Amino acid sequence: MPNITLDSLQSSIQDQVRRALAEDVGDGDITATLIPADRQAQATIISRESAILCGTAWADEVFRQVDPQISVQWLAADGDRLEPNQPFCKMSGPARGLLTGERCALNFIQTLSATATRSRYFADLVEGTGVKLLDTRKTLPGLRLAQKYAVTCGGCHNHRIGLFDAFLIKENHIAACGGIGAAVSQARILSPGKPVEVEVESLEELRQALEAGADIIMLDELSNADMRTAVQITAGKAKLEASGGINETTLRAVAETGVDYISIGSMTKDIKAVDLSMRLAM
């Protein structure tokens, strides 16, 4: 699947920020009213740890919606590595607006940077193998597109966006359709041109998926030896994706079997927010 680009996310960013601010600010930031309305301030955001930055567009949109008078200057871009205590954003404008938008902006950055950082960690582990690491649908509700963009900032790639843009035929689908061949054939009839991927659990099922003409074949928890055999059997007739139980200790060995893709759910679901801080000066 093609990777998500920032240009395609503008309307969703506006909507995500609108909902996040409604949740946080409600009918008004009562603490910010303690500060005179005309008080101006400057602010700097730093990272307290090493991380891959992501989420600048979401932070921009937060402060635009809170107060368009706030000026935001980025000292780093999405995909850049941040070091501990490194300032990466400077802002100026009404103090009330800076404080009202602070937590919402940091929430987006800390979560998306965590996803990008985790993705870069995995990408570094397979450097030089030629394999592409794919994300999954194991994303935070409401932030799928944002997290999938963050994955690309970390050097990995997007799988299907949802249930609508590609077929992924698994064990239960195969059973309900009456076999791999029948499932693939029906998919071609229902949605010509949509990618068809089949999950297999054995080399025999792999052969059936190849005979049916699947575009991508997911090797579910096959041994490394079987995956190497699968690469030989397939011989480029379909793309092969390894999946199931793969972690940082096993990832490199799986990549070296010669599969085209490895999907890893923990890129988006097993993340720890990056520790950020905003410092205000009057």
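Residues numbered from 1 in each chain as written. Predicted model: local features only at pLDDT ≥ 70, side-chain atom pairs only at ≥ 80, totals over all residues. Heavy atoms only, no water.

## Points about the packing of aromatic side chains
The final tally for this structure, using the stated rule, is 3 aromatic pairs. Taking 5.8 Å as the distance between ring centres and 35 degrees as the angle between the ring planes, the aromatic pair formed by Trp 58 and Tyr 149 counts as tilted. Residue Trp 58 is located in helix H2 (residues 56–66), and its partner Tyr 149 is located in helix H4 (residues 144–153); the two are separated by 91 residues in the primary sequence. On the basis of relative accessible area, Trp 58 is assigned to the buried category, the value being 0%. Relative to Phe 122, the ring of Tyr 121 has its centre 5.5 Å away and its plane inclined at 55 degrees; by these criteria the two rings are tilted. (Phe/Tyr/Trp six-rings, centres within 6.5 Å; stacked < 30°, edge-to-face > 60°. Helix = DSSP H or I, 4+ residues; strand = E, 2+ residues; numbered from the N terminus. Buried < 20%, exposed > 50% of the residue type's maximum accessible area, 1.4 Å probe, protein only.)

## Re helix H7 (residues 203–212)
Turning to H7, its buried residues are Leu 203, Leu 206, Ala 209 and Leu 210. The arc that holds the buried residues of H7, viewed along the axis, is 110 degrees, so those residues lie on one side. Those residues of H7 that are buried are in contact with helix H6 (180–190), strand E8 (196–200), strand E9 (216–220), helix H8 (224–234) and strand E10 (239–243). Among the residues trailing H7, Gly 213 stands out with phi positive, at a value near 90 degrees. (Arc of directions from axis to C-beta. Contact = heavy atoms within 4.5 Å.)

## Digging into the UniProt feature "domain: Quinolinate phosphoribosyl transferase C-terminal" (unreviewed entry) in the protein chain
As annotated in UniProt, the feature "domain: Quinolinate phosphoribosyl transferase C-terminal" (unreviewed entry) corresponds to residues 116–279 in the numbering used here. The straight-line gap between the two end C-alpha atoms of residues 116–279 is 24 Å; of that span, 41% is helix and 17% is strand. (UniProt positions renumbered as here; feature names shortened; annotations may be inferred.)

## Re the UniProt feature "domain: Quinolinate phosphoribosyl transferase N-terminal" (unreviewed entry) in the protein chain
UniProt marks residues 29–113 with the feature "domain: Quinolinate phosphoribosyl transferase N-terminal" (unreviewed entry), using the numbering shown here. End C-alpha atoms of residues 29–113 are separated by 26 Å, and the span's content is 35% helix alongside 29% strand.

## Focus on unusual backbone geometry
Most peptide bonds take the trans configuration, and most residues that are not glycine carry a negative phi. With a phi angle near 70 degrees, Asn 85 is a residue other than glycine that sits in the positive phi range. Looking at the secondary structure, you find Asn 85 in the loop between strand E4 (81–82) and strand E5 (86–94). Not every positive phi belongs to a glycine, and Ala 235 is a case in point at roughly 50 degrees. Position of Ala 235 relative to the elements: it lies in the loop between H8 and E10.

## Digging into the environment of Tyr 261
Secondary-structure assignment places Tyr 261 in strand E11 (residues 261–263). Among all residues touching Tyr 261, those that are not within four sequence positions of it are Val 131, Lys 132, Leu 134, Ile 216, Lys 239, Leu 240, Glu 241 and Ala 242.

## A closer look at the sheet that holds strand E12 (residues 276–281)
What the 4 strands build is an open sheet, ordered E3-E5-E1-E12; its pairing is antiparallel. Sheet topology places strand E3 (71–74) and E12 at the edges, where each strand pairs with a single neighbour. Taken pair by pair, the neighbouring strands of this sheet meet at an average axis angle of 20 degrees, ignoring direction. Inspection of the sheet shows strand E1 (residues 40–47) paired to E12 by 6 bridges, in the antiparallel sense. By the bridge assignment, Ala 43 is partnered in E12 with Leu 280. Most of the contacts of H2 go to E3, to which it runs at about 165 degrees, and overall it touches E3 and E5. Packed on one face of the sheet, helix H3 (residues 95–125) meets E1, E3, E5 and E12 and runs near 145 degrees to E5. (Pairing = 2+ DSSP bridges. Axes fitted to C-alpha atoms, helices over the stretch in contact; angles between N-to-C directions.)

## What to know about the nonpolar core
Counting 44 residues, the largest nonpolar core has Trp 58, Phe 88, Met 91 and Phe 108 as the members making the most contacts within it. Only helix H1 (10–25), E1, strand E2 (51–52), H2, E5, H3, H4 and E12 provide two or more residues apiece to this core. Ranked by residues supplied to this core, first place goes to H3 with 10 residues. Setting aside its immediate chain neighbours within four residues, Met 91 contacts Ala 41, Gln 42, Ala 43, Ile 45, Phe 63, Ile 70, Ser 71, Val 72, Leu 98 and Met 278. Counting 37 residues, the second-largest nonpolar core is a separate cluster that includes Ala 214, Ala 238, Leu 251 and Met 267. (Core = buried A, V, L, I, M, F, W, Y, C linked by side-chain atoms within 4.5 Å.)

## Let's talk about the sheet that holds E10
Sheet strands line up and pair through hydrogen bonds in the backbone, either parallel or antiparallel. Pairing is parallel across the open sheet formed by 6 strands, whose spatial order is E6-E11-E10-E9-E8-E7. Each of the sheet's edge strands pairs with one partner strand only, and the pair in question is strand E6 (132–134) and strand E7 (167–169). Averaged over all neighbouring strand pairs, the angle between strand axes comes to 25 degrees, with direction disregarded. One ladder, built from 4 bridges, connects E8 with E9; its direction is parallel. Across the sheet, Glu 199 pairs through a bridge with Met 218, a residue of E9.

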